[in-house]
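Next come the chains, spelled out residue by residue.
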Amino acid sequence: PALLTALAFLYTERQTPMYQAQAKLLVDPSGSGEMDYNAILSAQQLTKTYQKLVKNRAVMEGVIQTLGLQLSPDALAGQITAAADGNTQLLLVTV
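Just so you know, the residues in each chain are numbered from 1, in the order the chain's sequence is written. Where local features are concerned, this predicted model is filtered to residues with pLDDT of at least 70; where side-chain atom pairs are given and counted, the filter is 80 or more; whole-chain, interface and lining totals use all residues. Here the side-chain values reflect all heavy atoms present in the structure, with hydrogen atoms and water set aside.

Draft legend 1. Inspection of the sheet that holds strand S2 (residues 81-84) at higher detail. Taken in spatial order, the three strands line up as S1-S3-S2 in an open sheet, and their pairing is antiparallel. Of all strands in the sheet, those bounded by a partner on one side alone are strand S1 (22-26) and S2. Put simply, the sheet's adjacent strands are angled 20 degrees from each other on average, direction ignored. At least two DSSP bridges between two strands are required for those strands to pair. Here a strand is any run of E in DSSP of at least two residues, a helix any run of H or I of at least four, and the numbering for each starts at the N terminus. Axes, fitted as lines to C-alpha atoms, cover a helix only where it is in contact. Angles between the N-to-C directions of the axes lie from 0 to 180 degrees.

So, in structure tokens, the structure goes:
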């Protein structure tokens, strides 16, 4: 058991660390925080639109250029998920 523990420790020590970041965004088209029923429905639709735009090629290219990444837009998009949180105004982006 001690040998296996030592081997497992050595193996994990040599692995490249993997990190994950998550952001939950509130879509508020009015910018004021005050919403009536129609504004909420509009925000829900915008959330679904933003979900698609997050992985847009032009957005990926801008991120790559800004951060100086050595990835293709498709490779970066493959590392990102964007999901509308049900029928809410919340957009969850994970990298």
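More follows now that the structure is in view.
Draft legend 2. Structural view of helix H1 (residues 2-13). For H1, with twelve residues, the first-to-last C-alpha span of 16 Å sits near the 16 Å given by 1.5 Å per residue. Buried residues are scarce in H1, accounting for zero of its twelve residues. To estimate the expected span of a helix, subtract one from its residue number and multiply by 1.5 Å. Relative accessible area decides the class of each residue, using a 1.4 Å probe on protein chains only: under 20% of the type maximum gives buried, over 50% gives exposed, and in between gives partly exposed.

Draft legend 3. Region of the structure containing the pairing of strand S3 (residues 90-94). Pairing analysis gives five bridges linking S1 to S3, with the strands arranged antiparallel. Residue pairing across strands places leucine 26 opposite leucine 90, the latter belonging to S3. For S2 and S3, the ladder comprises four bridges, and the chain directions are antiparallel. Looking at the pairing, threonine 81 lines up with threonine 94 of S3. Where S2 hands over to S3, the hairpin turn is made up of five residues, of which glycine 86 adopts a positive phi near 65 degrees.

Draft legend 4. Broad picture of the nonpolar core. Among the nonpolar cores identified, the biggest contains nine residues, and these are Val54, Met60, Ile64, Leu76, Ala77, Ile80, Ala82, Leu91 and Val93. The set of elements that each furnish at least two residues to this core consists of helix H3 (57-67), helix H4 (73-77) and S3. The contact rule is simple, with two residues in contact once any of their heavy atoms fall within 4.5 Å. Beyond its immediate chain neighbours, meaning those up to four positions away, leucine 91 contacts Ala23, Lys24, Leu25, Thr47, Tyr50, Gln51, Val54, Ala82, Ala83 and Ala84. Only buried Ala, Val, Leu, Ile, Met, Phe, Trp, Tyr and Cys residues count toward a nonpolar core, and they belong to the same one when joined by side-chain atoms within 4.5 Å.

Draft legend 5. Representation of the side chain of threonine 94. Its location among the elements puts threonine 94 in strand S3. Note on threonine 94: relative accessible area 12%, which makes it buried. Counted as a polar contact is a pair of N or O atoms within 3.5 Å, where, for protein atoms, one must be capable of donating a hydrogen and the other of accepting one, and residues adjacent in sequence contribute only when both atoms are in side chains. Polar side-chain contacts of threonine 94 include one of 3.3 Å to the side chain of glutamine 22. Beyond its immediate chain neighbours, meaning those up to four positions away, threonine 94 contacts Gln20, Ala21, Gln22, Gln79, Ile80 and Thr81.

Draft legend 6. View of the environment of alanine 82. Inspection of the secondary structure puts alanine 82 in strand S2. Overall, alanine 82 belongs to the buried group, its relative accessible area being 14%. Along the chain, alanine 82 and alanine 23 lie 59 residues apart, while their C-alpha atoms are 9.6 Å from each other. Ignoring sequence-local partners within four residues, the contact set of alanine 82 consists of Gln51, Val54, Leu91, Leu92 and Val93.

Draft legend 7. Expanded view of helix H2 (residues 37-53). Spanning 17 residues, H2 covers 25 Å between terminal C-alpha atoms, matching the ideal 24 Å at 1.5 Å per step. For H2, the full list of buried residues reads Ala39, Ala43, Gln44 and Thr47. Seen end-on, H2 carries its buried residues on one side only, within an arc spanning 145 degrees. Those residues of H2 that are exposed and aimed more than 90 degrees away from the buried face are Asn38 and Lys52. The arc refers to the directions leading from the helix axis to the C-beta atoms.

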